[in-house]
Structures are given as structure tokens and as C-alpha cells.
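Results of the structural survey
Each chain, letter by letter, is given below.
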Amino acid sequence: GAVVSQHPSWVICKSGTSVKIECRSLDFQATTMFWYRQFPKQSLMLMATSNEGSKATYEQGVEKDKFLINHASLTLSTLTVTSAHPEDSSFYICSARDGGGAKNIQYFGAGTRLSVL
Amino acid sequence: AQTVTQSQPEMSVQEAETVTLSCTYDTSESDYYLFWYKQPPSRQMILVIRQEAYKQQNATENRFSVNFQKAAKSFSLKISDSQLGDAAMYFCAYRRAFSSGSARQLTFGSGTQLTVLP
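Below: a short report on this structure.

Within chain A, the secondary structure is distributed over zero helices and eleven strands. Along chain A, helices and strands appear, N-terminal first, in the series β-β-β-β-β-β-β-β-β-β-β. A globule of 117 residues ought to have a C-alpha radius of gyration of about 13 Å, and chain A, at 14 Å, matches this closely. C-alpha extents for chain A along the principal axes are approximately 45 × 30 × 20 Å. Expressed as a percentage of the 117 residues in chain A, the buried residues total 51%. Counting only contacts in chain A whose residues sit at least 6 apart along the sequence, the fraction spanning at least 24 positions is 55%. A total of about 5700 Å² of accessible surface is found on chain A, and carbon and sulfur atoms cover 52% of it. A gap of 4 Å separates the mean positions of the 11 positive and 9 negative side-chain charges of chain A.

Listed below in C-alpha cells is the structure:
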């Protein structure tokens, strides 16, 4: 299947700093990418949908100024957690939709564990 | 709004045996997709199987098969000949067809933690 690369896999940062997470589709073009947050032993919670070349659509309750999303190309979307605080510690997962593929499937990155001290 | 319900938080199965994970969903749409994803301890989400609502035939992928009951809005996953590597959290997911933008999102169930006993 298609590959989605997410980097870094784990990041530790101090409170108040910003962290950038990258999500790349390696062998397909992704006009739409999704960012999820997952707490331990819970389901994935959609944070935002990013479309190449346009502003991201955020889910209700997600602060767009805190979680900045940029989808500058058909293969790259970034999530920047600005002024991170301990409550932002979580597992963040991106996925990319293979819109060109016949099966219209979403493929997931391996996730990023964010720990804010 | 669409909702996906997985009523079994945890399940266990003996190695080589068969187990069925339940999933029900609620939608007013007639055309949509249903998925089962697996999330092992590595936390990498892996697509297990996919079903298109307009297809009556149940999807199968090797040891994995589904029982899709459209009228009942039920989409269960059967794992045959269970292996130790099948141990994972399994998520049922729904997606509308012919949608755009954020409507292409997946709606996930709460997950079922599957333990495979040797």
C-alpha cells in the first residue's frame, strides 16, 4: 500500500516552545490530509482537515491559532503546535487520502508522541 | 451526524481460533464506505479491510472477512485462524461517499482491544 511518512516519531519540548510535525505522502499525491489526536487507549479524534493550497478546516473546539496547519504541496502537510503546554502532550497522527487511487483510501503516518515538560 | 459504535472494549481469542468484532453505525446516507483499521502496540494504523456500501458481497482479505448488514447498519469483522500478530486495537470507521473537503473524514468507533492467547 501507499506510504505516509511522519516525522518526528517522538519529541520532548519545554513548555512555551513550538513544535513542528511533518507528514509526507511518499508515493502518491494527497490533495487532502488529516490530523488526529489520540489519548491513551482512546479513539482517534479529528483535529483538522488540510487541503493543498487552501486553509485548513478545524473541528469544533480545536484552536486554530495553537495548532497551525500548512499544506503547501501535494505531498507535505505540517502541524505546528505553538506555545506548547503540558496539556498538549499527546499522540498526533496524520493521514493522507489517495484521491487518485481507485480505492479512495486513507493511509496513516506512524504518529508523533509529543511530551511537553 | 454519523456515529460508529463498537460495544466490545476488549476481546480475547485463543491462537488459531476465530473471533468476531462487532460494529454498528448510524447514517442517513445510502452510499458510503466502511473500514476496519488495526492499531498494534507500535500505534501505526493499518488498513485491514474495506467495504463499499453499494456492494452486497462481503469483503474478504485472507483471514479477515466482514459481515455487512446494510439494513441493520452492522459491520462485523471476523478473524479466522487467529495469530499472535493479530493482537491490536481494532477500529471500525465510516466515510461518506461522493463528498468533498472535511466531509471526506473518517468517523471512528471507540475501538476493541483484541488479545490473542497462545
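As a further point, take the pattern of salt bridges. According to the stated counting rule, one finds seven salt bridges over all chains in the structure shown. Among the ionic pairs, Asp 88 of chain A bridges to Lys 66 of chain A, the shortest N-O distance being 2.9 Å. In this pair, Asp 88 of chain A sits in the loop between strand S8 (76-81) and strand S9 (90-97) while Lys 66 of chain A sits in the loop between strand S6 (57-58) and strand S7 (67-73), placing the two residues 22 residues apart along the sequence. The network of salt bridges with shared partners includes Arg 50, Glu 52 and Lys 55 of chain B.

This part takes up the interface of chain A and chain B. Residue-level contacts link 26 residues of chain A with 20 residues of chain B. Approximately 1800 Å² of surface area, both sides summed, lies buried where chain A meets chain B, with 51% of it carried by carbon and sulfur atoms. Among the elements of the structure, strand S4 (32-38), strand S5 (44-51), S9 and strand S10 (106-108) of chain A are those that each provide at least two residues to the side of chain A that touches chain B. Among the residues making up the side of chain A that touches chain B, the classes are represented as ten nonpolar, eleven polar and five charged.

Here we come to the packing of aromatic side chains. Going through the model one piece at a time under the given rule, you end up with 15 aromatic pairs over all chains. Here the aromatic rings of Tyr 32 of chain B and Tyr 94 of chain B are separated by 5.2 Å at their centres, their planes lie at 35 degrees, and the arrangement is tilted. Pair noted here: Tyr 32 of chain B is in strand S5 (residues 32-39) and Tyr 94 of chain B is in strand S10 (residues 88-96), with a separation of 62 residues, a long-range link. The same class applies to Tyr 32 of chain B as to Tyr 94 of chain B, namely buried. Joined through ring pairs, the aromatic side chains of Tyr 36 and Phe 108 of chain A together with Tyr 33, Phe 35, Tyr 37, Phe 91 and Phe 108 of chain B make up one cluster. The positively charged end of Arg 43 of chain B is found above the aromatic ring belonging to Phe 91 of chain A, 4.0 Å away from the centroid.

Here the focus is the pairing of strand S1 (residues 4-7) of chain A. All names here are of chain A. Only one face of S1 is buried, namely the one carrying Val 4 and Gln 6, since none of Ser 5 and His 7 on the opposite face is buried. Here S1 runs beside strand S3 (residues 19-25); their pairing, made up of four bridges, is antiparallel. Across the sheet, the residue bridging to Val 4 is Ser 25, located in S3.

Scoring rules and cut-offs
Residue positions within a chain follow its written sequence, with the count starting from 1. The order in which chains are written sets their letters, starting at A; the order in which ligands are written sets their numbers, starting at 1. Per-residue local features are limited, in this predicted model, to residues with pLDDT of at least 70; the limit for side-chain atom pairs, both in listing and counting, is 80 or more; totals at the level of whole chains, interfaces and linings are taken over all residues. Side-chain measures here rest on the full set of heavy atoms in the structure, leaving out hydrogens and waters. Helix and strand assignments follow DSSP, with helices taken as H or I runs no shorter than four residues and strands as E runs no shorter than two, numbered in order from the N terminus. Restricting the calculation to C-alpha atoms gives the radius of gyration, and the globule rule supplies 2.2 Å times the number of residues raised to the power 0.38. Three exposure classes are used, based on accessible area relative to the maximum for each residue type with a 1.4 Å probe and protein chains only: buried under 20%, partly exposed in between, and exposed over 50%. For this analysis, residues touch if any pair of their heavy atoms sits within 4.5 Å. With residues, only the protein chains shown are counted as cover, and all accessible areas are computed by Shrake-Rupley using a 1.4 Å probe. The charge count includes Lys and Arg as positive and Asp and Glu as negative, but it does not include His or the ends of the chains. Charge placement uses NZ in Lys and CZ in Arg. For Asp and Glu, CG and CD serve respectively. A side-chain nitrogen of Lys or Arg and a carboxyl oxygen of Asp or Glu constitute a salt bridge if their distance falls within 4 Å. Buried area, as used here, totals the accessible surface that two parts lose on assembly, with accessibility defined by a 1.4 Å probe and the loss added over both. Residue polarity follows a fixed list, in which Ala, Val, Leu, Ile, Met, Phe, Trp, Tyr, Cys and Pro are nonpolar, Asp, Glu, Lys and Arg are charged, and the others, Gly among them, are polar. Each aromatic pair joins two rings of Phe, Tyr and Trp (for Trp, the six-membered one) with centres within 6.5 Å, and gets the label stacked for planes under 30 degrees apart, edge-to-face for over 60, and tilted for any other angle. Here, a charge over a ring is recorded when the distance from Lys NZ or Arg CZ to the ring centre is within 6 Å and its angle to the ring normal is within 35 degrees. Being paired, for any two strands, means DSSP has found at least two bridges between them.

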